[in-house]
Amino acid sequence: MLSEEISDIAEENLQVHIETEKEEEEIKSLIRPLQIWITSASAPICYQLIPLLASGEVFGMTTEISIHLLDTDQFKEVLRGIVMEAEDMAFPLLHSISEHTEIDEAFIQADIIIVLDDVLLNHEVQSLENYIREMSEICQVYAPLIEKNAKSEVRVISSGKTFVNLKAMMIMTYGPSIKPANVIAVATSWENAARAMLARKLNMNTAGEYLFKDVIVWGNITGCNYIDLSHAKLYGYDCAIWGPANFPCPLLNVIYDSEWIHSAFLSAQCSLSSRVCHSVGMLPAHGIATVLRHWYHGSPPGEIISVGILTEGQFCVPEGIVFSMPVRFQNGNWEVVTELEINETTQEVLGPDKITSKNYLRQGGFFSPQKMRSSF
């Protein structure tokens, strides 16, 4: 072959290579990964959450994500370590991950914002009102930035170990253009912990074929909440009546020890709260991932989940507070399951006389500013 022919072939190969690279760049430019921002990202919850988000189990195996970790400058090295480790994991759906310590950069083009900020409660050091004020000041910074930098349909999830309801309400209060339906507080950790306690009572292994559903968490998630078993169902349990895999047994019919339900279980809710608040990160991370999966793909048929939402008077709960109640996700939205029949015990717990502005605020919940001012 002549040198001139070889040169022509080389030039043609180069041209094909350049065109192929351009095509690949164009394809990459068409990819629009979900922009996920996580505040207080040095927290252990974030470390446990990233693999769940990047695995494809939450958003699907065709949705790429970009994760943005936000925290103060003192945690910059921690964020860098998380970023390097996530990059080394080479998740196929993790388009990018980055750390941010400049607050003005926060929430740019965000599709999802996960608020993990917590305060370390020590009532011997300062009062609850001061802790509430501290958390309110954090949200007072976040909310305008969400309005300014995030997408108009941004979804905000409040999670953590303290003031979950308060954070959700404060973000809505200081960010009036943020859609209230797009701000929710996560109660799934308490649902899961309650399921585990029930499994221990029934001497069951929840990793097997048994499955609890429709355990409801009412009220102030990280404060004074009530775990309602009246609608809970148990699948796959060896009892007198058997059916196919999707046949449920009412939980209260399975637990014959009603005394345990009305005394030991209710009193054990304090220790349950302690277990959740002392969790290292796996439990709340799983809860966040579960809520996001329901939000983006819909709840499984007939299944309900508890989240904190801005009330509109459902179940006679006062209007204008962030309160955990049962919802069902469908087509990217949620709706309160108002058709549930509420038994006398739950009605007593949800009574208006039980949920006053002072009591709810004292437990770290939050009324709208107008309702709160009128309560003092």
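As a reminder, the structure under discussion sits directly above these lines.
In this report, the structure presented in the accompanying data block is examined. (Residues numbered from 1 in each chain as written. Predicted model: local features only at pLDDT ≥ 70, side-chain atom pairs only at ≥ 80, totals over all residues. Heavy atoms only, no water.)

Another aspect to go through is the pattern of salt bridges. Side chains that differ in charge, positive against negative, can pair when their charged atoms come close. One pass over the full model with this rule turns up nine salt bridges. The salt bridge partner of D118 is K167, with a shortest N-O separation of 3.9 Å. Pair noted here: D118 is in the loop between β4 (112-115) and α4 (128-149) and K167 is in helix α5 (residues 164-174), with a separation of 49 residues, a long-range link. K167 sits in the buried class, given a relative accessible area of 0%. A salt bridge links E339 to R328, with the nearest nitrogen and oxygen atoms 3.5 Å apart. In this pair, E339 is assigned in the loop between β14 (333-336) and α11 (344-349) and R328 in strand β13 (residues 322-330), connecting sequence segments eleven residues apart. Take E339: its relative accessible area is 53%, and that puts it in the exposed class. Look at the salt bridges and you will find they share partners, linking E77, R80 and E99 into a network. (Salt bridge = Lys/Arg side-chain N within 4 Å of Asp/Glu carboxyl O. Helix = DSSP H or I, 4+ residues; strand = E, 2+ residues; numbered from the N terminus. Buried < 20%, exposed > 50% of the residue type's maximum accessible area, 1.4 Å probe, protein only.)

This part is about the packing of helix α2 (residues 44-54) against helix α10 (residues 282-297). Where α2 meets α10, the closest approach of the two axes is 8 Å, and the angle between their N-to-C directions is 40°. Between α2 and α10, the angle is such that the two are oblique. Crossing geometry of α2 relative to α10 is assigned as right-handed. Residues I45, Q48, L49, L52 and L53 of α2 form the contact with α10, whose own contacting residues are M282, P284, A285, H286, I288, A289 and L292. (Axes fitted to C-alpha atoms, helices over the stretch in contact; angles between N-to-C directions. Parallel < 35°, antiparallel > 145°, perpendicular 65-115°, else oblique. Left-handed = near helix turned anticlockwise from the far one by under 90°. Contact = heavy atoms within 4.5 Å.)

Glancing now at the packing of helix α6 (residues 188-201) against α10. With their axes 8 Å apart at the nearest point, α6 and α10 run at an angle of 115° to one another. With respect to α10, the element α6 is oriented roughly perpendicular. Relative to α10, the crossing made by α6 is right-handed. Where α6 abuts α10, its residues T188, S189 and N192 lie against L283, P284, H286, G287, T290 and V291. Among the residues forming the contact of α6 with α10, the class breakdown is three nonpolar, six polar and no charged. (Nonpolar A, V, L, I, M, F, W, Y, C, P; charged D, E, K, R; others polar.)

Side chains W334 and V336 project from β14 onto a buried face, and the interleaved N333 and E335 project onto a face without burial. As paired elements, β13 and β14 share four bridges and run antiparallel to each other. Opposite Q330, over in β14, you have N333 as the bridge partner. The loop that links β13 with its antiparallel partner β14 comprises two residues; one of these, N331, has a positive phi angle of about 55°. (Pairing = 2+ DSSP bridges.)

Everything listed is a geometric property; what it means functionally is a separate question.
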